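Report on the structure
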Amino acid sequence: MIATPPIRAVPSPPVIELVDLHKVYRVGVELVHALQGITLTIQENEYVAIMGPSGSGKSTLMNILGCLDVPTGGDYRLRGQDVSRLSQSKLALIRGRQIGFVFQSFELLPRTTALKNVELPMTYSGVRHRRRRALEALKRVNLLDRAHHHPNQLSGGQKQRVALARALAQQPDIILADEPTGNLDSATGEEIMAVFDSLHAEGQTLIIVTHEDHIARRCRRIIRLIDGRIVLDTARGDVWSPTTPTLTAAPAGAPVPSSTEGTP
Amino acid sequence: MRKLGRWLWAGVLFLPHLIGSVVRSVPTALVQIWANKIRALLTVLGIIIAVTSIITVVSLVEGFGNYVTNFLRGLGTNMMIVYPEWVRGPRGEFLRRAEMDIDDIHAVDAGAPAIRRTSPLVWSSATIEYGRQQVTNVQLRGTNEAFQPIRNFYVDAGRFFGAVDVENGSAVCVLGREILRKLECDESIVGDYVHLDGQRFQVIGLLESKGSFMGENQDETIIIPWTMAVKLNPYARTHLAFYVEAMSEPQIPDAEGQLVRILRQRHGIKPGEANDFGAFKQDQILQQFNQVRVIATSVLAGIVSISLLVGGIGIMNVMLVSVTERTREIGLRKSVGARRRDILTQFLTEAVVLSTVGGAIGIALGYGFTHLASLHPDMVEVTVPLWSVLLALGFSAAVGIFFGIIPAFKAAIIHPIDALRHE
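Here the structure is a predicted model, which is why all the values come from computation and not from measurement.

Quick word on the overall build of chain B
- If you tally the helices and strands in chain B, you get 14 helices and 14 strands.
- Its C-alpha atoms give chain B a radius of gyration of 33 Å, clearly above 22 Å, the size a compact globule of 423 residues would have.
- Projected onto its principal axes, the C-alpha coordinates of chain B cover approximately 100 × 55 × 45 Å.
- Evaluated residue by residue, chain B yields a buried proportion of 38% over its 423 residues.

Next up, the structure:
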């Protein structure tokens, strides 16, 4: 199906399986239906963009996918394990071991070296050889020479790469990135997206929440939410068909990376 | 029962995790404190004051305590001093001293089986001259040959006067070491002559060095036969005091009872009337000292509890501020796998490290003050007892735990999503 061969060859259950997922918030006396029945399957090594206007429920979906929150209805299976009704402390363990977060504003600990920042999730999950694994992760994002720098000595793009290394170090089942280029200029954003592309090529499952088309364009699959429902779930090739009404057409001559192009 | 056991077992299994978590949190805590040095210092001021007071006061009280104990041991543990009391008039006013003479002393010596020996004591002062040197207002004690064993205070050069010198009222004297120093002479003075209030005395011995007690330097003493002392001071002949040595320490109450009975009888005191003499025992010195110790300890406890309270509230305040400031950090930590107890441990460790750093500064200051106090020449020897250091550290850590638990709990229960949204 996908041009780049998956590195994990063993057949396994889908990484993410959502069945009729609901999330209802109570705001005062009113009930807000943030998610109204999301059914979604994400396979190993998919490269997914989640898009949608604000209020569409994409942040809620992101929080539930990241095990930061639990749904009020429906099922969420992460690698076959039902995680929709777990306790806070079990969820914390899953976040630590199976999910790598990348945030818009990097969220690195100040006064802590890049290396220590990358080691942080592993201190909570109690993994061994933390230092070695952190160094390997930094090497993958090309920042080995900045391992002992503090965040305030790093540029925005470098900070985000450290954050990526932190997400990577434990070889999580999914990497969840929330507007990863939102705080970066376009050139640096490109640089970060290039790292995402290469991770995808290495077989990593990636989910990126974004509202920028040119970011979404680099993914293999785009899921669009409006009012808590999936209104579009398409492989990238379809997105740009002029008959798709929900997305703005790409500007003429917009660069489409051809080297990593997948089959529609 | 089984459930309790399982809980305990779970606790034991959790312990290594807890210790590991605490140990990992300490460097973070130190970095945080270092990043906010001034704030941290101001926060722990109360704890610094508390710990400094604990160390200083405990060391001084202990120092004096050791000193008093040693002094009492030096006096001879079975000793008391009996002296004529003031006679009071009908309105309680002091009229004159009651009388006590050598026959009273002999009677006590002969009639009280619990008393090993007695020794008269004439208490006055004199000016000593030797060559061109002169020392005024020196303690002059008239006593007899039993002084040495009773007071446990011996000559270490020359000899003490004997029964014959006392019998004859010889003009001989024994000098304390401090007198020697003030007269600027060495042990060659033994055999030589000095003048005491103008009268010629031969120096026959030198007392060993004993140090001072409560401002009274025991080495600045001249001892002469009491028979000679009453010649210099005739009033004392009928107003003698005397040392009493009991057979043993437990027999001191018996000895006191016996001598009271004998003296009351001899002085014709009717039942119901007060004694016209007093007995000064060592345990009175101890009691007086213990009163001082109790006062010092309660003042200390007051200072310490107030400053610990202030320090604890300071820590709680600063930790609450810190939790708010670092909400995003908490969110991040939670999103990368920190559980509530990890966050709780982290912030609790920070509070404890903060208060313990305060405690450590206080201990250093306490050592400093103690050292400063011991520089004074009349100061007794003081050392900081180890238990006071441990106590102070324990107190500061306890304050950290007690006042850190609420902020830490607040940090632990923050929901990661809210925390990451926090501005």
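There's more to say after this.
Things to note about the overall build of chain A
- Of regular secondary structure, chain A possesses eight helices and ten strands.
- Classification of the 264 residues of chain A by burial places 45% in the buried group.

Here's the deal with the nonpolar core
- Membership of the largest hydrophobic core comes to 114 residues, with the highest contact counts inside it found for Ile 50 and Ala 165 of chain A.
- Membership of the second largest hydrophobic core comes to 51 residues, among which are Leu 206, Trp 226, Ala 255 and Phe 277 of chain B.

Focus on the interface of chain B and chain A
- Listed per partner, the contact involves 16 residues of chain B and 20 residues of chain A.
- Elements that contribute at least two residues to the side of chain B that touches chain A include exactly helix H1 (2–35), helix H11 (327–335), helix H12 (340–374) and helix H14 (416–421) of chain B.
- Partitioning the side of chain B that touches chain A into residue classes produces seven nonpolar, two polar and seven charged.

Here's the deal with the packing of helix H3 (residues 114–125) of chain A against helix H5 (residues 156–168) of chain A
Residue and element names in this part refer to chain A.
- At a minimum axis distance of 7 Å, the contact between H3 and H5 shows a crossing angle of 35°. The interaxial crossing formed by H3 with H5 has right-handed handedness. Touching Ala 114, Asn 117, Val 118, Leu 120 and Pro 121 of H3 are Val 162, Ala 165 and Arg 166, all from H5.
- Its residues placed into classes, the contact of H3 with H5 shows six nonpolar, one polar and one charged.

Quick word on the sheet that holds strand E5 (residues 81–82) of chain A
- Reading across from one edge, E2-E1-E4-E5 (chain A) is the order of the four strands in this open sheet, with antiparallel pairing throughout. Here the strands that pair on one side only, and so sit at the sheet edges, are strand E2 (30–42) and E5 of chain A.

Re the sheet that holds strand E7 (residues 174–178) of chain A
All names here are of chain A.
- Strand order in this open sheet of six strands is E6-E7-E8-E3-E9-E10, and the pairing throughout is mixed. Where the open sheet ends on each side, the last strands, each with one partner, are strand E6 (99–102) and strand E10 (229–235). Strand after strand, the sheet turns through a mean of 20° between neighbouring axes, direction not considered.
- Relative to E10, strand E9 (residues 221–226) runs antiparallel, the two sharing six bridges. Within E10, the position partnered with Arg 224 by the bridge is Leu 232.

Focus on unusual backbone geometry
- One non-glycine residue, Glu 107 of chain A, lies in positive phi territory at about 55°.
- For Glu 107 of chain A, the position within the fold is in the loop between E6 and H3.
- With 21 C-beta atoms counted inside 10 Å, the residue Glu 107 of chain A sits in the buried group.
- The residue Asn 137 of chain B is not glycine, and still its phi comes out positive at about 55°.
- Tracing the backbone through its elements, the reader meets Asn 137 of chain B in strand E5 (residues 133–143).

Things to note about the confidence of the model for chain B
- When the pLDDT values of chain B are averaged, the result is 88; 98% of them are 70 or greater.
- With a pTM of 0.73, the predicted complex shows an ipTM of 0.85.

Quick notes on the environment of Asp 101 of chain B
Residue and element names in this part refer to chain B.
- Here Asp 101 lies in the loop between strand E3 (94–97) and helix H4 (102–111).
- Take Asp 101: there are 17 C-beta atoms within 10 Å of it, and that puts it in the partly exposed class.
- Considered as a pair, Asp 101 and Ala 241 are 140 residues apart in the sequence and their alpha carbons are 8.3 Å apart.
- Non-local contacts of Asp 101, meaning those with residues more than four positions away in its chain, are made with Arg 237, Thr 238 and Leu 240.

Regarding the environment of Arg 88 of chain B
Residue and element names in this part refer to chain B.
- Tracing the chain through its elements places Arg 88 in strand E2 (residues 86–88).
- With ten residues separating them along the chain, Arg 88 and Ala 98 place their C-alpha atoms 9.5 Å apart.
- Contacts of Arg 88, omitting those with residues within four sequence positions, involve Glu 93, Phe 94 and Leu 95.

Description of H4 of chain B
Residues and elements named next belong to chain B.
- Burial in H4 covers these residues: Asp 104, Ile 105 and Val 108. Projected down its long axis, H4 carries its buried residues within an arc of 100°, all on one side. Of the exposed residues in H4, the ones pointing more than 90 degrees away from its buried face are Asp 103, His 106 and Ala 110.
- Taken together, the buried residues of H4 touch strand E4 (115–130), strand E13 (241–246) and helix H9 (252–267).

Things to note about the environment of Arg 224 of chain A
- Locating Arg 224 of chain A in the fold gives a position in strand E9.
- Sequence separation between Arg 224 of chain A and Ser 56 of chain A is 168 residues, and the spatial gap between their C-alpha atoms is 9.0 Å.

Some details on the pairing of strand E4 (residues 73–78) of chain A
Residue and element names in this part refer to chain A.
- Where strand E1 (residues 16–27) and E4 come together, five bridges link them in antiparallel fashion. Counterpart to Ile 16 in the pairing with E4 is Leu 78.
- Bridging between E4 and E5 involves two bridges; their strand directions are antiparallel. Across the sheet, residue Leu 78 finds its bridge partner in E5, namely Gln 81.
- The antiparallel pairing of E4 with E5 creates a hairpin that spans two residues between the two strands, and Arg 79 there sits at a positive phi of about 50°.

About the criteria used
Residues numbered from 1 in each chain as written. Chains lettered and ligands numbered in written order. Predicted model: local features only at pLDDT ≥ 70, side-chain atom pairs only at ≥ 80, totals over all residues. Helix = DSSP H or I, 4+ residues; strand = E, 2+ residues; numbered from the N terminus. Rg over C-alpha atoms; globule rule 2.2 N^0.38 Å. Buried ≥ 20, exposed ≤ 12 C-beta atoms within 10 Å, placed from the backbone. Core = buried A, V, L, I, M, F, W, Y, C linked by C-beta atoms within 7 Å. Contact = placed C-beta atoms within 7 Å. Nonpolar A, V, L, I, M, F, W, Y, C, P; charged D, E, K, R; others polar. Axes fitted to C-alpha atoms, helices over the stretch in contact; angles between N-to-C directions. Left-handed = near helix turned anticlockwise from the far one by under 90°. Pairing = 2+ DSSP bridges. pLDDT = per-residue confidence, 0-100. Arc of directions from axis to C-beta.

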